[in-house]
Amino acid sequence: MSVGAALRRRSGGVLVDHDPEVLQAAAVEVAMSVAGVCGTDLDIIRGDRPDVASIPGHEGVGLVTGVDHAITGWKVGERVVFMPVSLADQDQVLGHSYDGLWRRHVPVNHQMLRDGLLQRLPRSLDDQLGCLVEPLACVVYAFELLGLESACRRVGVVGGGSIGQAAALFAQTRLGAEVCVVEPNPNVARRIQSMGISCNPKAFHADAVLLCTPRRSTAAGLKTALAIAANDAVVDLVSGSDTPLVHHDLPSPIEAASIRRLHASGALSTGVPIRTNSGKALTFTGHRGASVDHFQSAMRVLADGPDPWRALIGAVFDYRDQTLLDELGHRLSNSLAYDGKLLISFS
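All values derive from a computational prediction rather than experimental measurement. (Residues numbered from 1 in each chain as written. Predicted model: local features only at pLDDT ≥ 70, side-chain atom pairs only at ≥ 80, totals over all residues. Heavy atoms only, no water.)

### Description of the environment of Arg-46
What counts is decided by this rule: Each helix corresponds to a stretch of at least 4 residues labelled H or I by DSSP, and each strand to a stretch of at least 2 residues labelled E; elements are numbered beginning at the N terminus. Whether a residue is buried, partly exposed or exposed follows from its accessible area with a 1.4 Å probe, protein chains only, as a fraction of its type maximum: under 20%, in between, or over 50%, in that order. Any two residues whose heavy atoms approach within 4.5 Å at even a single point are treated as in contact.
Within the fold, Arg-46 resides in helix 1 (residues 39-46). Relative accessible area serves as the criterion here: at 17%, Arg-46 is assigned to the buried category. In this structure, the C-alpha to C-alpha distance between Arg-46 and Phe-295, residues 249 residues apart in sequence, is 28 Å. If we ignore the near neighbours within four places in the chain, the residues touching Arg-46 are Arg-216, Arg-331, Leu-332 and Asn-334.

### So, the side chain of Gln-90
Note the following rule: Any N or O atom pair separated by 3.5 Å or less is treated as a polar contact, with the protein-specific requirement of one donor-capable and one acceptor-capable atom, and with residues adjacent in sequence counted only for side-chain atom pairs.
Mapped onto the fold, Gln-90 is located in the loop between strand 5 (79-82) and strand 6 (105-108). At 3.4 Å, the side chain of Gln-90 and the backbone oxygen of Arg-261 are in polar contact.

### Regarding the environment of Pro-50
Considering the arrangement of structural elements, one finds Pro-50 in the loop between helix 1 and strand 4 (60-67). A relative accessible area of 62% means that Pro-50 is categorised as exposed. Sequence-wise, Pro-50 and Ala-230 are 180 residues apart; in three dimensions their C-alpha atoms are separated by 34 Å.

### A few points about the packing of helix 4 (residues 133-146) against helix 9 (residues 292-304)
Heads up, the rule is: Working convention: axes come from line fits to C-alpha atoms, limited for helices to the stretch in contact. Angles between N-to-C directions cover 0 to 180 degrees. Note that the term roughly parallel is reserved for angles under 35 degrees, roughly antiparallel for angles over 145, roughly perpendicular for angles of 65 to 115, and oblique for everything else. Left-handed describes a crossing whose near helix is turned anticlockwise from the far helix by less than a right angle; the clockwise case is right-handed. Each residue is assigned to one of three groups, with Ala, Val, Leu, Ile, Met, Phe, Trp, Tyr, Cys and Pro labelled nonpolar, Asp, Glu, Lys and Arg labelled charged, and all others, Gly among them, labelled polar.
Their axes nearest at 8 Å, the elements helix 4 and helix 9 cross at an angle of 110 degrees. The orientation of helix 4 with respect to helix 9, classified from their angle, is roughly perpendicular. Regarding helix 4 and helix 9, the two cross each other, and that crossing is right-handed. Residues Val-133, Glu-134, Leu-136, Ala-137, Val-140, Tyr-141 and Glu-144 of helix 4 touch helix 9, and the partners they reach there are His-294, Phe-295, Ser-297, Ala-298, Met-299, Val-301 and Leu-302. Classifying every residue of the contact of helix 4 with helix 9 gives 10 nonpolar, two polar and two charged.

### Observations concerning the side chain of Lys-341
Mapped onto the elements of the fold, Lys-341 is located in strand 15 (residues 341-345). For Lys-341, the residues in contact, after removing those within four places along its chain, are Gly-36, Val-37, Cys-38, Glu-59, Leu-132, Ser-162, Leu-312, Ile-313, Gly-314 and Ala-315.

### Considering the packing of aromatic side chains
Applied cut-off: Note on aromatic pairs: the rings of Phe, Tyr and Trp (six-membered ring only in Trp) are paired at centre separations within 6.5 Å, and the planes decide the class, stacked below 30 degrees, edge-to-face beyond 60, tilted for the rest. As a reminder, the over-ring test applies to NZ of lysine and CZ of arginine, requiring each to be within 6 Å of the ring centre and within 35 degrees of the ring normal.
Within the structure shown, the criterion is met by two aromatic pairs. Ring geometry for Tyr-319 against Phe-346: centres 5.2 Å apart, planes inclined by 15 degrees, an arrangement best described as stacked. Here the residue Tyr-319 occupies a position in the loop between strand 14 (313-318) and helix 11 (322-332), and Phe-346 occupies one in the segment after strand 15, the gap between them amounting to 27 residues. On the accessibility criterion, Tyr-319 (5% relative accessible area) is buried. Exposure remark for Phe-346: the relative accessible area of 5% places this residue in the buried category. If you follow Arg-120 out to its NZ or CZ, it ends over the ring of Trp-74, 4.0 Å from the centre. Taking NZ or CZ as reference, Arg-154 lies 4.5 Å from the ring centre of Phe-204, over its face.

Take a look at the structure:
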């Protein structure tokens, strides 16, 4: 099997690699239809994370094009999405610890199948909506954890990227919560406001906060999260950090990585209580990955009312289009030429 073209990391950027690779025989072969660009992908490309994958991408939709004769349960022609965090080992992550989806063909070995990498995509969802399944599954998981300790009536989202927008839209449309997104980029803020979501944090006190900033902005985002969190609020560390998070109102640094590792692939438990120096009682939680049930829930949400979710998608580019590389360059430098979720077409 030949991979054909792939988008690879190179010196803080991305290039199209047209040199085909000869791969080991796969248990299941998947031809990519479309892949999503996540803020985490950009963090990896910038070098803000220690991940080793040379091909980014963990959101996407593909078509099964080959199945080993010894494999049962999968058929050629089935459409799939990808559950990137292994159910067996949270350190095995598609597009992070091994090569991801920004390529024409993805080989799936036996272990990946056992780890739950492939999930069937229903016919009710087209490829573009299918790219939202993984981020929305993570949002569903986040609110499941937040709901253990908060009514989630007033939800604050720090960071207006695609995951932040998905969190805000879910809280507003599915939970009926009052929602405020704190986003410094005025163009992004206007897009969020056009969806009927407030971006004015003045006098907003949230009982649930999701920190959804890029990795390099997590510390600054924490400052905002602490400012809008009400007493007894719960803060979900959607954004990770490789170093402890420090703030003058915290009695000790927050070990974000350790907190997020408490919950992987659907595990549920209460978070870590912290009383700030100013007297607020807060709980910090977080997670990695999602479960099969979360993926199924995300698919149902998208199928039940697709139009609001489709509004999250900003632009779709062919992987060979120079405009795609230009836009990735803009986003790597924290600017945007195209608002909304960026998708890469491989079909």
